[in-house]
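Below, each chain spelled out in residue letters.
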Amino acid sequence: MKILVQDAAFDAGAELNDFTKAQSNMGAVVSFTGIVRDLDAGLKQMDIEHYPGMTERALEKIASDATERWNLGDVLVIHRFGALKPEDVIMMVATASKHRKDAFEAADFLMDFLKSRAPFWKKEQTDAAQDWVSSKQEDEDALTRWE
Amino acid sequence: MNVLYFAWVRERIGVPKEQIETSAATVMDLVEELRAREERYALAFSDISALRVAVDQDLSDFDTSLEGVREIAFFPPMTGG
């Protein structure tokens, strides 16, 4: 299990290759990469704030919950904080398992919990304004499917 | 006790962190104490349903006891991923 919270940019492709090569006898690797989307108003910058200490704890908890629930060989989570631009990679998760179903479901679970249970906050800056991104009810509702 | 604020809660209160001496029994008691202190706190804590709280870095409820607690953090719902 590898969990990284960092301000530095990272190469999601290279990370995925390293993760894949590090596995032994795993038939499936699933990954998700989150990218900064531009806005209609033109996004200048996205600032991501986090809660050092709690962030790592929360991510470890989410990842270990996933490994208890599914048969996983390994889990990777990388999440950036700080100032990002459109098209920058924000975060990635990867899961390795013997079979694809566990890898897919665990990655989906990780993303649902990472969205609303890991202490990150996004602020979007356009030329006209800067606003904190509001949480979505649908993200909160998404957690109920794992109950 | 260390009290931390994040995102717009931090902006409204004006500091990311402060040391607060309190005898509040629960998170909600502390919120009431802060609200009574100054306008900026009253503003930040005006709608508790818009806030989340972590007690010693675990997501918690507002009725959580503060006994033995070292760190408490207030913030809006999280928007990771």
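Presented here is a report on the structure given in the accompanying data block. (Residues numbered from 1 in each chain as written. Chains lettered and ligands numbered in written order. Predicted model: local features only at pLDDT ≥ 70, side-chain atom pairs only at ≥ 80, totals over all residues.)

Some thoughts on the nonpolar core
Core analysis: the biggest nonpolar cluster contains 52 residues, and Ile62 and Leu110 of chain A together with Phe6 of chain B have the highest contact counts within it. With 7 residues, helix H3 (residues 100-117) of chain A is the single largest residue contributor to this core. (Core = buried A, V, L, I, M, F, W, Y, C linked by C-beta atoms within 7 Å. Buried ≥ 20, exposed ≤ 12 C-beta atoms within 10 Å, placed from the backbone. Helix = DSSP H or I, 4+ residues; strand = E, 2+ residues; numbered from the N terminus.)

A few points about the interface of chain B and chain A
Residue-level contacts link 14 residues of chain B with 21 residues of chain A. The class makeup of the residues in the side of chain B that touches chain A is 10 nonpolar, 4 polar and no charged. (Contact = placed C-beta atoms within 7 Å. Nonpolar A, V, L, I, M, F, W, Y, C, P; charged D, E, K, R; others polar.)

What to know about the environment of Val75 of chain A
Residues and elements named next belong to chain A. Tracing the backbone through its elements, the reader meets Val75 in strand S4 (residues 72-80). Judged by the 26 C-beta atoms lying within 10 Å of it, Val75 falls in the buried class. Expressed as a C-alpha distance, the spacing of Val75 and Pro119, which sit 44 residues apart in the sequence, is 19 Å. Residues contacting Val75, with those up to four places away along its chain left out, are Met1, Ala63, Ala66, Thr67 and Thr95.

What to know about the environment of Asp131 of chain A
All names here are of chain A. Tracing the chain through its elements places Asp131 in strand S8 (residues 130-132). Along the backbone, Asp131 and Trp121 are 10 residues apart, and their C-alpha atoms lie at a distance of 11 Å. Ignoring any residue separated from it by four or fewer positions in sequence, one finds Asp131 in contact with Lys123 and Glu124.

Focus: the sheet that holds strand S3 (residues 52-55) of chain B
Residues and elements named next belong to chain B. Taken in spatial order, the 5 strands line up as S2-S1-S5-S3-S4 in an open sheet, and their pairing is mixed. Pairing within the sheet leaves two strands with one partner each, and these edge strands are strand S2 (17-19) and strand S4 (58-60). Pairs of neighbouring strands in the sheet enclose a mean axial angle of 25 degrees, with direction left out of account. The pairing of S3 with strand S5 (residues 71-75) spans 4 bridges and is classified as antiparallel. Within the sheet, the bridge partner assigned to Val53 lies in S5 and is Phe74. (Pairing = 2+ DSSP bridges. Axes fitted to C-alpha atoms, helices over the stretch in contact; angles between N-to-C directions.)

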